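Residues per chain, in single letters:
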Amino acid sequence: MEILSQMWSLLGLLTVLQNILPTQLLSLLHSFFEFLQDLLSPYSYFEIPEFNGYCGVDVNDLYRHVNLYLNSVNPSTTCRRLTLSRSKSSNRISFTVAPNHTVHDAFNGHRVSWTHQVDTVQDSLDERRSFSLKLPKRHRLSLLSSYLDHVTARAEEFERVSRERRLFTNNGHGSYESGWSSVPFRHPSTLETMALEPELKKQLTDDLTTFAEGKEFYHKIGRAWKRGYLLYGPPGSGKSSLIAAIANFLCYDVYDLELSKVSDNSELRALLIQTTNRSIIVIEDIDCSISLTGERQTKMRKTSLQSDKGQKMVENGEDSGRVTLSGLLNFTDGLWSCCGEERIIVFTTNHRDNVDPALVRCGRMDVHVNLGTCGMHAFKAMVMNYLGVDSHPLFDVVESCMRSGGALTPAQMGEILLRNRKDADVAIRGVAAAMQAKILCADTDTTEGGRECDYGTRTPESFDRRLMDSPENWDGSSLGKWGGKKRKEGSTWERKVKFLVRLKSLTKSDSGRRGV
């Protein structure tokens, strides 16, 4: 009790002295006390305010990075009180250190701490926020710079992964301040679920990872930090899904550029400037967007004009008021292409030969990815994704069909698996039947009355009834329903008939063993 009474007496004395002593003297005493505290303390303190200067307008980027960094290290393990929040567009819970609470951290074997200080501004409702960093005084010179670099790098990586990604499209007003409109990008496609051959998937993953980590390398060799991908293949081969998977893998925004909405080359450059770093710029169906192929030879036409002074020749160059091949080339690999970093430019086309060679050369489209029909590895991956099956007796039948030219695109195969996803046997038989139909259609004319052979939409039972017939019954009348004419002569046709009959017998024997 004596100790408590003495403390109260001391506090009372300090209160009396504070009222008696002049303000200047109290300020000197306070400064002297802080000097003694800093001299005797084994720690150094660094304050990071929320705003730079005294006006409270310029946001301190380091303060934001510290806040993100503390979110990334999950301060709930070392802090007694946190403020939790979550935005409407995100499922991630954000942590904020409660006012005047401390979070402990470790770096290079040293213990550091962050204190979130919040003070109320006198005669105002505003608050002054800052983070106070406590470092060991003996190692402050060696720790401060490297530790803050570590905080910044970790914060930027956390922001890249956790922020909401956006899908942009040009709105036809690229010359104004904002030529893009956006919605949240929530495409579920990933590289793990893509129906790609293992070698191609590994090459893509390694190339994307090397690009994302290559900032210093690109600066060292003097190249703009960008990468070009040309995705080509038949419709339904997964070009758009692969773009979404790349965006999810790298956590990039996607800019879907519709060239038909761009009025001229100036607007195209303005749209490029408005894109952000860490983004993918996509031009789908580059050969169909606008007429670009073959424009490298400038078209000139001469118009004769008659006047009082004589005859004049006026040369008209390339049309103004539209995007030209030259403008698109400068967009992908010209001086304007370096206005930003960590960008990927993707062109897609169904017909690679229709694209002007200048657009797809190295330096513009660095990686060419051929997306065609599914191989056996891709088929097994799709069966696992859709049906949850990793093996089946009919896999050998499907592989035989693929070797004989009956492979399907991921879209065709995915539709059959999706439609019959409740029964794995029916789904895989449907895929095998569609492949058999494709082989038949490949050996006959693929159209009937201008309509293509619709093997991808027929039911497995319709193929089974045809394949149950003997080869002698496969005459022109029956094959006419498949979109063909009369049976072709020669050994090729006979081999394919025998092959399909053998596939049918193998399918029936597999079904019999399984009790189907």
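Above this text you will find the structure in question.
Residues numbered from 1 in each chain as written. Predicted model: local features only at pLDDT ≥ 70, side-chain atom pairs only at ≥ 80, totals over all residues. Heavy atoms only, no water.

Novice: How should the overall build of the protein be read in this particular structure?
Specialist: In terms of regular secondary structure, the protein is built from 18 helices and 19 strands. Across the 516 residues of the protein, 39% fall into the buried class. The long-range fraction of contacts in the protein, counting pairs at least 24 apart against all pairs at least 6 apart in sequence, stands at 66%. Summed over its atoms, the accessible surface of the protein is roughly 30,300 Å², and 52% of this surface lies on carbon and sulfur atoms. (Helix = DSSP H or I, 4+ residues; strand = E, 2+ residues; numbered from the N terminus. Buried < 20%, exposed > 50% of the residue type's maximum accessible area, 1.4 Å probe, protein only. Contact = heavy atoms within 4.5 Å. Areas by Shrake-Rupley, 256 points an atom, 1.4 Å probe, with all protein chains shown as cover.)

Novice: What should I look at first to understand the side chain of Thr 115 in this one?
Specialist: Structurally, Thr 115 is set in strand β7 (residues 110-120). Residue Thr 115 is classed as buried on the basis of its relative accessible area, which comes to 18%.

Novice: Any chance you could explain the sheet that holds strand β11 (residues 226-232) here in plain terms?
Specialist: For sheets, the rule is that strands pair by backbone hydrogen bonds, running either parallel or antiparallel. As summarised here, the arrangement of the seven strands in space is β10-β9-β12-β13-β16-β11-β17, forming an open sheet in which the pairing is mixed. Of all strands in the sheet, those with a lone pairing partner are β10 (180-184) and β17 (367-370), marking the two edges. Each strand axis lies, on average, 20° off the axis of its neighbour in the sheet, ignoring direction. Sheet contacts for helix α5 (residues 198-212): β11, β16 (343-349) and β17; angle to β11, the most-contacted strand, approximately 160°. Taken strand by strand, helix α8 (residues 265-274) contacts β9 (166-170), β10, β12 (253-256), β13 (279-283) and β16, and its axis lies near 40° from that of β10. (Pairing = 2+ DSSP bridges. Axes fitted to C-alpha atoms, helices over the stretch in contact; angles between N-to-C directions.)

Novice: Please explain the packing of α8 against helix α10 (residues 325-333) as it appears in this structure.
Specialist: When two helices pack together, you describe them by how their axes are tilted relative to each other and by the distance separating the axes. The contact between α8 and α10 brings their axes to 9 Å, and the two run at 15°. Taken together, the axes of α8 and α10 are roughly parallel relative to one another. With respect to the hand of their crossing, α8 and α10 are arranged in right-handed fashion. Along the contact surface, α8 presents Asn 265, Leu 268 and Leu 272, while α10 presents Gly 327, Leu 328 and Phe 331. In terms of residue class, the contact of α8 with α10 is built from four nonpolar, two polar and no charged. (Parallel < 35°, antiparallel > 145°, perpendicular 65-115°, else oblique. Left-handed = near helix turned anticlockwise from the far one by under 90°. Nonpolar A, V, L, I, M, F, W, Y, C, P; charged D, E, K, R; others polar.)

Novice: Is there a simple way to think about the pattern of salt bridges in this case?
Specialist: Pairs can form between side chains of opposite charge whenever their charged atoms are close. One pass over the full model with this rule turns up 16 salt bridges. Two residues, Arg 160 and Glu 157, come together in a salt bridge whose shortest N-O distance is 2.6 Å. With Arg 160 and Glu 157 both in helix α4 (residues 140-162) and three residues apart, this pair spans about one turn of that helix. Residue classification places Glu 157 among the partly exposed positions, given a relative accessible area of 39%. Residue Arg 186 pairs with Glu 164 through a salt bridge whose shortest N-O separation is 3.5 Å. Separated by 22 residues along the polypeptide, Arg 186 in the loop between β10 and α5 and Glu 164 in the loop between α4 and β9 bring together distant segments of the chain. Among the residues examined, Glu 164 registers a relative accessible area of 27% and is labelled partly exposed. Several salt bridges share partner residues, and in doing so they unite Glu 50, Glu 127 and Arg 129 into one network. (Salt bridge = Lys/Arg side-chain N within 4 Å of Asp/Glu carboxyl O.)

Novice: Please explain a nonpolar patch on the surface as it appears in this structure.
Specialist: A cluster of nonpolar side chains, namely Ile 273, Leu 335 and Trp 336, defines an oily patch on the protein surface of about 350 Å² accessible area. If you trace the backbone, Ile 273 turns up in helix α8. (Patch = residues over 30% accessible without salt bridge, like charges linked within 9 Å, V, L, I, M, F, W, Y side chains within 5 Å.)

Novice: Quick question: what am I supposed to make of the pairing of β12 here?
Specialist: Two faces make up the sheet, and in a regular strand the side chains alternate between them. Looking at chain direction, β9 and β12 are connected through three bridges and run parallel. Looking at β12, one finds that Thr 169 is bridged to Asp 256. Pairing geometry for β12 and β13, over four bridges, is parallel. Opposite Tyr 255, over in β13, you have Ile 281 as the bridge partner. Crossover handedness for the path β12 to α8 to β13: right-handed. (Right-handed = clockwise from strand over helix to strand, strands pointing away.)

Novice: Hey, could you run me through the environment of Phe 158 in this one?
Specialist: Inspection of the secondary structure assignment puts Phe 158 in helix α4. When neighbours within four sequence positions are excluded, Phe 158 is seen to be in contact with Leu 68, Asn 71, Ser 72 and Arg 92.

Novice: Help me understand the sheet that holds strand β8 (residues 127-136), please; the structure alone is not making it clear to me.
Specialist: Spatially, the four strands line up as an open sheet ordered β1-β8-β7-β6, and their pairing is antiparallel. The open sheet terminates on both sides in strands that have one partner only, identified here as β1 (43-49) and β6 (101-107). On average, adjacent strands in this sheet sit at an angle of 25° to one another, irrespective of strand direction. Across seven bridges, β1 lies against β8 in antiparallel orientation. Along β8, the bridge assignment pairs Pro 49 with Ser 130.

Novice: Even after reading the chapter, I still don't get helix α14 (residues 410-419), so can you show me in this structure?
Specialist: Residues that lie three or four places apart on an α-helix share one face, since the helix turns once every 3.6 residues. Three or more residues of α14 are buried, namely Pro 410, Met 413, Gly 414, Ile 416 and Leu 417. The buried residues of α14 all sit within an arc of 160° when viewed along its axis, so they share a single face. (Arc of directions from axis to C-beta.)

Novice: Which parts of the structure should I look at to understand the packing of helix α12 (residues 376-387) against α14?
Specialist: The geometry of α12 relative to α14 is characterised by a closest axis approach of 10 Å and an angle of 35° between their N-to-C directions. The handedness of the crossing between α12 and α14 comes out as right-handed. For the pair formed by α12 and α14, the contact residues are Phe 379, Met 382, Val 383, Tyr 386 and Leu 387 on the first element and Pro 410, Met 413, Gly 414, Leu 417 and Leu 418 on the second. Taken together, the residues of the contact of α12 with α14 sort by class into nine nonpolar, one polar and no charged.

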